[in-house]
Amino acid sequence: MNGNTDFAIRARGLTKQFGDLTAVNHLDLDVPRAKIYGFLGPNGSGKTTAIRMLCGLLKPTEGSAEVLGLQVAEAANDLKPRIGYMTQKFSLYGDLTVEENLRFIADIYAWPRKNQKPRIDELVSKYGFEKRRRQLAGTLSGGQKQRLALASAVLHKPELLLLDEPTSAVDPRNRRDFWAKLFELAEDGTTILVSTHYMDEAERCHRLAILDTGNKVADGDPSTLQASIGMTVLEVNAGNPGDAQKALTDNPDIVSVTQLGIRLRVLVADDHADPIALVSSDLAAHGLKADVRIIAASLEDVFVASTLASGGSDE
Amino acid sequence: MTPIRLVAIMRKELLQLKRDRISLGMIVGIPVMQLLLFGYAINMDVRNLKSAVSDQANTHMSRQFIADLGQTQVLNLTRSVASPEQLEDLLRTGKISVGIHIPSDFDRRVIDNRRTVAQLLIDGTDPTIVGVAGQLASMPVQFDSGANRQPSANTLEVRPFYNPERRTAVNVVPGLIGVILTLTMLMFTAVAIVREREHGNLELLINTPVSTTQLMVGKVVPYIVIGLVQLALIVAVGNLLFDVPVRGSLLGLYAGAAVFIAANLSLGLFLSTVARTQFQAMQLTFFMLLPSILLSGFVFPFDGMPKLAQYLGEILPITHFIRITRGIMLREASILELGNEVLMLLVFALVALTAAILRFSRRLD
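Keep in mind that this is a model prediction, so the values were computed, not measured.

Undergrad: Explain the overall build of chain A here, please?
TA: The secondary structure content of chain A amounts to 12 helices and 14 strands. Counting only C-alpha atoms, chain A reaches 75 × 45 × 40 Å along its principal axes. Per-residue burial for chain A yields a buried fraction of 46% across its 315 residues. Residue pairs in contact within chain A that sit at least 24 positions apart in sequence constitute 70% of those at least 6 positions apart.

Undergrad: What is the right way to read the overall build of chain B from this model?
TA: Each helix and strand in chain B was counted, giving 15 helices and 4 strands. A burial count over chain B gives 40% of its 365 residues as buried. For chain B, the proportion of contacts with a sequence separation of at least 24, taken over those separated by at least 6, is 78%.

Undergrad: Looking at this model, I keep getting lost on the sheet that holds strand β2 (residues 21-32) of chain A. Mind explaining?
TA: Backbone hydrogen bonds hold the strands of a sheet together, and the pairing may be parallel or antiparallel. Residues and elements named next belong to chain A. With respect to topology, 4 strands assemble into an open sheet ordered β2-β1-β4-β5, the strand pairing being antiparallel. What marks the edges here is a single partner per strand, and that holds for β2 and β5 (70-71). Judged from the 8 bridges that link them, strand β1 (residues 7-18) and β2 form a sheet pairing that is antiparallel. Each residue of the ladder has a partner; that of K16, found in β2, is V24.

Undergrad: I tried to follow the domain arrangement of chain B on my own but got confused; where do I start?
TA: It is common to report an interface's size as the accessible area lost on association of the parts. For chain B, the assigned domains are domain 1 (3-42 + 167-359) and domain 2 (49-137). A C-alpha centroid distance of 47 Å is found between domain 1 of chain B and domain 2 of chain B.

Undergrad: Can you walk me through the interface of chain B and chain A in this structure?
TA: Contact residues are listed per partner, giving 21 residues for chain B and 21 residues for chain A. Of all the secondary structure elements, the ones that give two or more residues to the side of chain B that touches chain A are α1 (3-19) and α9 (201-205) of chain B. With 8 residues, α1 of chain B is the single largest residue contributor to the side of chain B that touches chain A. Each residue belonging to the side of chain B that touches chain A can be placed in one class, and the counts come to 9 nonpolar, 6 polar and 6 charged.

Undergrad: Would you explain the domain arrangement of chain A in this entry?
TA: As far as domains go, chain A holds domain 1 (3-221) and domain 2 (230-296). Distance from the C-alpha centre of domain 1 of chain A to the C-alpha centre of domain 2 of chain A: 40 Å.

Undergrad: Help me understand the pairing of strand β6 (residues 83-86) of chain A, please; the structure alone is not making it clear to me.
TA: If a strand is regular, its side chains alternate between the two faces of the sheet. Residue and element names in this part refer to chain A. Here β6 shows no split at all, with I83 and Y85 on one side and G84 and M86 on the other all buried. Two elements, β6 and strand β7 (residues 160-163), share 4 bridges in a ladder whose sense is parallel. Residue Y85 lies in a different strand from β7, and its bridge partner there is L162.

Undergrad: When you look at helix α10 (residues 241-249) of chain A in this model, what are you seeing that I'm missing?
TA: Quick reminder: α-helices carry 3.6 residues per turn. Residues three or four places apart thus point the same way. All names here are of chain A. When α10 is considered as a whole, its buried residues turn out to be A244, A247 and L248. Buried positions in α10, seen along its axis, are confined to an arc of 90° and lie on one side of it. Looking at α10, the residues exposed on the side facing more than 90 degrees away from the buried face are G242 and T249. Along its buried surface, α10 packs onto β11 (231-238), β12 (254-260), β13 (263-269), α11 (275-285) and β14 (290-295).

Undergrad: Explain the packing of α1 of chain B against helix α10 (residues 212-242) of chain B here, please?
TA: Axes are the key here: two packed helices are described by the angle between their axes and the distance separating the axes. All names here are of chain B. In contact at an axis separation of 8 Å, α1 and α10 are set at 45° when each is read in the N-to-C sense. When the axes of α1 and α10 are compared, the pair comes out oblique. Our pair here, α1 against α10, has a crossing hand that is right-handed. Judged by residue contacts, R5, L6, I9, M10, E13 and L14 of α1 engage Q214, L215, V217, G218, K219, V221 and P222 from α10.

Undergrad: Where do I start with the confidence of the model for chain B in this structure?
TA: For residues with low pLDDT, the predicted coordinates do not support detailed interpretation. Residue and element names in this part refer to chain B. Per-residue pLDDT for chain B has a mean of 83; in total, 86% of the residues score no lower than 70. Contacts for the low-pLDDT stretch residues 145-149, under 50 throughout, to residues beyond four places or in other chains number 7 contacts. Note that pLDDT drops below 50 for residues 151-160; the model gives that stretch 7 contacts with residues more than four away or on any other chain. Listed scores for the predicted complex are pTM 0.79 and ipTM 0.81.

Undergrad: I would appreciate a short explanation of the pairing of strand β4 (residues 62-67) of chain A in the present structure.
TA: All names here are of chain A. With 5 bridges joining them, β1 and β4 adopt antiparallel strand pairing. Within β4, the residue paired with R10 across the bridge is E66. Both β4 and β5 contribute to a ladder of 2 bridges, which runs antiparallel. Its bridge partner lying in β5, E66 is registered against Q71. What sits between β4 and β5 in their antiparallel hairpin is a turn of 2 residues, with L68 showing a positive phi close to 50°.

Undergrad: Even after reading the chapter, I still don't get the sheet that holds strand β2 (residues 75-80) of chain B, so can you show me in this structure?
TA: All names here are of chain B. As summarised here, the arrangement of the 4 strands in space is β2-β1-β3-β4, forming an open sheet in which the pairing is mixed. Each edge of the sheet is formed by a strand with only one pairing partner; in this case those strands are β2 and β4 (119-122). Going across the sheet, the axis of each strand differs from the next one's by a mean of 30°, ignoring polarity. Direction of pairing for strand β3 (residues 98-102) relative to β4: antiparallel, over a ladder of 4 bridges. Its bridge partner being in β4, V98 is matched across the sheet by I122. Relative to β2, helix α3 (residues 60-71) is tilted by about 135°, and along the sheet it contacts β1 (49-55), β2 and β3.

Undergrad: Can you help me understand the environment of N237 of chain A in this one?
TA: Checked against the element boundaries, N237 of chain A lands in strand β11. Linking N237 of chain A and R132 of chain A, residues 105 residues apart in sequence, is a C-alpha distance of 50 Å.

Undergrad: Honestly, unusual backbone geometry in this entry has me stumped. Any pointers?
TA: Both trends apply: most residues other than glycine have a negative phi, and most peptide bonds are in trans. Despite not being glycine, A34 of chain A has its phi angle at roughly 55°, a positive value. Relative to the helices and strands, A34 of chain A is located in the loop between β2 and β3 (36-40). Despite not being glycine, D243 of chain B has its phi angle at roughly 60°, a positive value. Among the secondary structure elements, D243 of chain B is positioned in the loop between α10 and α11 (250-274).

Rules of the game
Residues numbered from 1 in each chain as written. Chains lettered and ligands numbered in written order. Predicted model: local features only at pLDDT ≥ 70, side-chain atom pairs only at ≥ 80, totals over all residues. Helix = DSSP H or I, 4+ residues; strand = E, 2+ residues; numbered from the N terminus. Buried ≥ 20, exposed ≤ 12 C-beta atoms within 10 Å, placed from the backbone. Contact = placed C-beta atoms within 7 Å. Pairing = 2+ DSSP bridges. Domains from an automatic or database assignment. Nonpolar A, V, L, I, M, F, W, Y, C, P; charged D, E, K, R; others polar. Arc of directions from axis to C-beta. Axes fitted to C-alpha atoms, helices over the stretch in contact; angles between N-to-C directions. Parallel < 35°, antiparallel > 145°, perpendicular 65-115°, else oblique. Left-handed = near helix turned anticlockwise from the far one by under 90°. pLDDT = per-residue confidence, 0-100.

In structure tokens form, the structure reads like this:
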């Protein structure tokens, strides 16, 4: 098998240190082509640093990355025309109009002049800017800005799209539209690496890596990750969830207790013989009555379980 | 090298400038304001100094002497008082700058060659007035007494070339062109890269195939045009309001200015790669501006400066440019005769631009 054709990104031992801080720690990464690959992790987990190393903006302290069959360290300039990059912060020109921004990007990528207008028209209609062609980009809403940023990142039809928290300032409906666009792009053969701290977005990825304080703590497709969490997930309906949470937190056999509305989500290691009895008896000992049942693991449970296993982020 | 990209950067700069009303206003505002300030307010011609006289001789000869002093137009004799003490009071309260005391034995002093004829009381707090008083003291005065008073050795006839009327504007405007262009051109480019960095645009730009050279040159070229527009404005206003001539070739002046502007823009870009914030960029601009005003020969005669200051001045592009403007505008020199100065500016521009390109990192670490 030829790695160049199967994987858009292969990284081995990718490490970045800023002084004493290890932002990314020996990251191994295999991103298959034409798939949406997610980086899930809280702020400061090293998502942005990893993406910047992959596009050559940062030089790795250690390790190497091969992107689209080329070593990033040696061929960063050859890669630039083949990669689309969307920064976390809106990085187009706020004092240029939608159309001027797109035209600028088209020129910068030396998109042939005669094909420029059709390509810009196509993007304008596809990304819904027909009525805002002459509006200054700085006056667009958060969702519109992100759409424009995506439109300009894909203008030159890159093979690989790197998106750094593209939807962090976008409302749920616009996020859904945004993801619909990403799926279209992936179907057309574009490989997409997207970082996020939203669980629902992570679930949409074909494959994802969970990052925690610079370490990759899980890697796989979302359903496999959920199935192989290594924990039993219990839902607890107690009259007073606050008291119940206090009671359970001290139990050494219970890995994690999270309150969700009036219910509690409890994680117990799956080698425990009878997790329902464990929780019920603990609550009974504190004089609390509760309804306890086993439920399927969510991606959030995977996230909690894997970050705890790694020594965890201390938020 | 694809010219599309270079043109894209240039067009983007102009579009941004078009929407930036304040910067746009400064392109016109700075030259006009500076010109009016220097042309009108800062007047180094000493004329019409308020003065008073105390004539205790009150003879035909003393009255003639006072009239002669008035003729110079340096003094504006507004009043006459009885005693030198009153002159001192007027000086102290700032009502006059110069007092003339003519003693009662004035006529005898005129005949006696060894004595001064009268006394000049001067407000010494203003150095220019002191300088003028020195000239007045050696003023040759014809006395029609028939007495054969010898003219003293230092009463030389002063005959200034190129600016016979000794108008300040003629001296100042050619240098002022340099100061204005230095200020505005440095300011525009010093913030150029930093602004893109602060707004996050740079992270996007360095991820595109645009080269550093295209980025730098694309940012410089539009401002060369703007600088030349400023030059036209200064020359026109200077000519209309202050009669400042352009005796040499206007084309030569423009050619010299284009190189000078390029030098300043390149320096500004270099500063922009050094500064981390727009505020720092402004500070660096003013750090460069002060020596440009003081050491370039604009304010103080270059040859009169200490050697070290002269060496520093030679490094500054404005020093060479002021030699070019004064040469072309006032002495009718040709740009070829000033070739060395142009060459220095060219070298400066290339070195600064290269330094800026080398310093500019296409990475974030």
